[in-house]
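Given next are the chains, with one letter for each unit.
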Amino acid sequence: MSTEPLLSIRDLSVQYPIRNGEVRAVRGVDLDIYKGEVLGLVGESGCGKSTLGKAILRMPPGVITEGSIQFGGSDLARLSEEEMRKIRGSRIGMVFQDPMTSLNPIQSIVDHLTETIRTHQPDTSKSQAREIAETLVDRLGIRASRIDDYPHQFSGGMRQRIMIALALALNADLVIADEPTTALDVIVEAQFLDLLRVLKEEFNLTIILITHNIGVVAEIADRVAVMYGGTIVEVAPVLELFGSTKHPYTRGLLQSVPSIERGGRDLYRMEGSPPSLLDMPPGCSFNPRCPEAMPVCSETEPRLLPIEGDAGHLAACFLYHRAREGRVST
């Protein structure tokens, strides 16, 4: 992994305009992604994971209202739509949750791939683009002879491989995978994760893996970022996160995962529900559900700060930063 961030997000906020006002789906996010790593982005549904992923590519309907996204010497949040079109697909690719909603049912697989290649590389001939497409799908475990087939003729796992092929067709620097295993059964999911692992090594891929499946993160991620209420509450190397969890929300997520060690005991269940992004509670957004909440938690929102003594581990929690924040005495 590189020591310099490939992509650096600072104070990013994203809103959805609606009839009743504006939904702050992402609030003041700071996050770095390094070349060659797999970053797992986890949290409950509605916490802002997919919105953050789409914001990097400036995809609607979310609107960036504050912050910066530094990538390749440019701030993606400030680029024009024409400039962003050159980056989407060529330098940053995306694998969506349900490939059938992303693939055109009346276009063959070769049409999808050659269109992507020739849009960004117009000097490439049709025959050259087809050759690139055949080589790529073959490396992803799909017979080149099936390249003229249509999306409905493939299984769910194969369609996800085609989505990866589209993301890799132009040797993208960064791939954002948004819930890529949700529609797959456990066997195909395992095969898909093995494929991602191989591709990461072969192409030196940098991947943001958006998921609510903690098991998937433990299997493939190098680092994990946990989102709640539209902001990042904890970031750590994967082994550090599982072995020394800091934030009470992260602890609740991990305790909610079925475990052989717990035997037949009931799963842990966090009380309450995620906050409404239209009406966020004051202070820490998790404080109404937090079993360790203190008075300061309902007054001031904690910042994401490093944990002393734990390299690379950050948490937004007054359990660790009360003295450093200077808002309550030690």
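Everything discussed here concerns the structure shown above.
Residues numbered from 1 in each chain as written. Predicted model: local features only at pLDDT ≥ 70, side-chain atom pairs only at ≥ 80, totals over all residues. Heavy atoms only, no water.

Some points on the overall build of the chain
- Of regular secondary structure, the chain possesses 10 helices and 12 strands.
- The C-alpha radius of gyration of the chain comes to 21 Å, within 12% of the 20 Å expected for a compact globule of 330 residues.
- Taking all 330 residues of the chain together, 49% fall into the buried category.
- For the chain, the share of sequence-separated contacts (at least 6 apart) that also reach a separation of at least 24 residues comes to 63%.
- Accessible surface, the chain as shown: approximately 15,800 Å² in total, 49% of it carbon and sulfur.
- Positive and negative side-chain charges in the chain, numbering 34 and 43 respectively, have mean positions lying 2 Å apart. (Helix = DSSP H or I, 4+ residues; strand = E, 2+ residues; numbered from the N terminus. Rg over C-alpha atoms; globule rule 2.2 N^0.38 Å. Buried < 20%, exposed > 50% of the residue type's maximum accessible area, 1.4 Å probe, protein only. Contact = heavy atoms within 4.5 Å. Areas by Shrake-Rupley, 256 points an atom, 1.4 Å probe, with all protein chains shown as cover. Lys, Arg positive; Asp, Glu negative; His and termini not counted. Charge placed at Lys NZ, Arg CZ, Asp CG, Glu CD.)

A short note on the nonpolar core
- Counting 54 residues, the largest nonpolar core has Ile-164, Val-226 and Tyr-249 as the members making the most contacts within it.
- In terms of residues, this core owes the most to one element, helix H5 (residues 156-168), which gives seven residues.
- With near-sequence residues (within four places) excluded, Ile-164 lies in contact with Val-95, Leu-140, Phe-192, Leu-195, Leu-196 and Leu-199.
- In terms of nonpolar packing, the next biggest core, distinct from the first, is built from 32 residues, Leu-31, Leu-39, Leu-41 and Ile-69 among them. (Core = buried A, V, L, I, M, F, W, Y, C linked by side-chain atoms within 4.5 Å.)

Focus on empty space enclosed by the protein
- The full count for this structure, using the stated rule, is one cavity of 30 Å³ or more.
- Taken as a whole, the largest cavity spans an internal volume of roughly 70 Å³.
- Surrounding the largest cavity, His-247, Pro-248, Cys-284, Phe-286, Asn-287, Cys-290, Glu-292, Ala-293, Cys-297, Cys-317, Phe-318 and Leu-319 form its lining. (1 Å grid on protein atoms, 1.4 Å probe; cavity = no way out; pocket = protein on both sides within 12 Å on 5 of 7 lines; lining within 4 Å. Points joined across faces, edges and corners; volume = space filled by probe spheres on them.)

Points about the side chain of Arg-159
- Mapping Arg-159 onto the fold places it in helix H5.
- On the basis of relative accessibility, which here comes to 15%, the residue Arg-159 falls in the buried class.

Concerning helix H6 (residues 186-203)
- Compared with an ideal rise of 1.5 Å per residue, which puts 18 residues at 26 Å, H6 spans 25 Å between its outermost C-alpha atoms and is within 8% of the ideal.
- Listed in full, the buried residues belonging to H6 are Glu-189, Phe-192, Leu-193, Leu-195, Leu-196, Leu-199 and Lys-200. In an axial view of H6, the angular spread of the buried residues amounts to 160°, which keeps them on one side of the axis. Residues of H6 that are exposed and point more than 90 degrees away from the buried face comprise Ile-187 and Glu-201.
- On its buried side, H6 packs onto strand S3 (38-42), H5, strand S8 (206-210) and helix H7 (214-220).
- Measuring from the backbone nitrogen of Ile-187 back to the side-chain oxygen at the start of H6 gives 3.0 Å, which picks out Asp-185 as the cap. (Expected span 1.5 Å × (residues − 1). Arc of directions from axis to C-beta. Polar contact = N/O pair within 3.5 Å; in protein donor to acceptor, adjacent residues only side chain to side chain.)

A look at the pairing of strand S1 (residues 5-18)
- Summarising the sheet, S1 and strand S2 (residues 21-34) pair through 10 bridges and their orientation is antiparallel. Following the sheet pairing, Gln-15 is matched in S2 by Arg-24.
- Counted along the chain from S1 to the antiparallel partner S2, the turn is two residues long. (Pairing = 2+ DSSP bridges.)

Details of the layout of surface pockets
- Of the voids in this model, the largest pocket is the one considered here, and its volume is about 610 Å³.
- For the lining of the largest pocket, the secondary-structure elements that each account for two or more residues are strand S6 (92-95), helix H3 (109-120) and H5.
- For the lining of the largest pocket, the element with the most residues is H3, which contributes five residues.
- In terms of lining, the second largest pocket is formed by 16 residues, of which the most central are Gly-28, Thr-231, Pro-302, Arg-303 and Leu-304.

Comments concerning the sheet that holds strand S4 (residues 63-71)
- In spatial order, the strands read S2-S1-S4-S5; together these four strands make up an open sheet with antiparallel pairing. Strands with a single pairing partner mark the edges of an open sheet, and in this sheet they are S2 and strand S5 (74-75).
- Across two bridges, the pairing between S4 and S5 is antiparallel. Within the sheet, the bridge partner assigned to Gln-70 lies in S5 and is Asp-75.
- This element, helix H1 (residues 49-56), spans S1, S2 and S4 of the sheet and lies at about 115° to S1. (Axes fitted to C-alpha atoms, helices over the stretch in contact; angles between N-to-C directions.)

Focus: the state of the cysteines
- Evaluation of the coordinates by the stated rule reveals zero disulfides.
- Cys-290 takes part in no disulfide bond, and the closest cysteine sulfur to it belongs to Cys-297, at a distance of 6.3 Å.
- The structure places no disulfide on Cys-317, whose sulfur is separated from the nearest cysteine sulfur, that of Cys-290, by 6.3 Å. (Disulfide = S-S within 2.5 Å.)

What to know about the pattern of salt bridges
- Scanning the entire structure with this criterion turns up 16 salt bridges.
- Between Glu-81 and Arg-88 there is a salt bridge whose closest N-O contact spans 2.8 Å.
- With relative accessibility at 19%, the residue Arg-88 sits in the buried group.
- Residue Asp-173 pairs with Arg-91 through a salt bridge whose shortest N-O separation is 3.1 Å. (Salt bridge = Lys/Arg side-chain N within 4 Å of Asp/Glu carboxyl O.)

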